[in-house]
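One-letter residues, chain by chain:
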Amino acid sequence: IFQKALEQRIDDSGPHGPQHTDVIKCCSIDKVAPYCRALTGSWDHTLLVWDLEMSIASVHLKGHGGRVTGCALGADPNLCVSGSLDKTVKVWDIRTGKEAITFTD
């Protein structure tokens, strides 16, 4: 199911899917079967979920109003979390690419 969701989220912005346009500031890796993926956060205010087996960015998470300074993949394979200089912490639904919860200062 997760793989199918990833395939549906790939866009045509490059041979490896979407790309960051500024410095990557944080990274989290999940190598627990059946997943082999990474999450990167950038000063371009976005996050990317990478399928490491396919070497592509499969999900582009947009919604922060400032540079992303921290990110993590967690025990729930459908969720990730990020922090930003916009003074928010966001929980993301990786399946939909949308914010699930936003915590503010």
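The sections below set out a description of the structure shown in this document. Everything quoted here is computed from the prediction, not taken from an experiment. Residues take numbers from 1 onward in each chain, read along the sequence in its written order. Given that this is a predicted model, residues contribute local features only at a pLDDT of at least 70 and side-chain atom pairs are listed and counted only at 80 or more, while totals for whole chains, interfaces and linings are drawn from all residues. Note: side-chain values were computed over all heavy atoms of the structure, leaving out hydrogens and water.

Here we take up the packing of aromatic side chains. By convention, a stacked pair of Phe, Tyr or Trp rings (six-membered ring in the case of Trp) has centres within 6.5 Å and planes under 30 degrees apart, an edge-to-face pair has planes over 60 apart, and any other such pair is tilted. A complete count under the given rule lists zero aromatic pairs for this structure. Sitting over the face of the ring of Trp43, Arg67 holds its NZ or CZ atom 4.0 Å from the ring centroid. Both a distance and an angle decide whether a charge sits over a ring: NZ of Lys or CZ of Arg must be within 6 Å of the ring centre and within 35 degrees of the ring normal.

On to the pattern of salt bridges, then. What makes a salt bridge here is a side-chain nitrogen of Lys or Arg within 4 Å of a carboxyl oxygen of Asp or Glu, nothing more. For the structure on display, the rule yields three salt bridges. With a closest N to O distance of 3.0 Å, Lys90 and Glu99 form a salt bridge. Across the salt bridge formed by Arg95 and Asp93, the nearest N and O atoms sit 2.9 Å from each other.

Once that is clear, we can look at the environment of Val49. Strands are runs of DSSP state E lasting at least 2 residues, helices are runs of H or I lasting at least 4, and numbering of each runs from the N terminus. Turning to its location among the elements, Val49 is positioned in strand β3 (residues 46-51). Linking Val49 and Ala38, residues 11 residues apart in sequence, is a C-alpha distance of 5.8 Å. Discounting chain neighbours no more than four positions away, the residues touching Val49 are Arg37, Ala38, Leu39, Ile56, Ala57, Ser58, Val59, Leu61 and Ile94. Any pair of residues with heavy atoms lying within 4.5 Å of one another is described as a contacting pair.

Shape is all these values report; function is a separate question.
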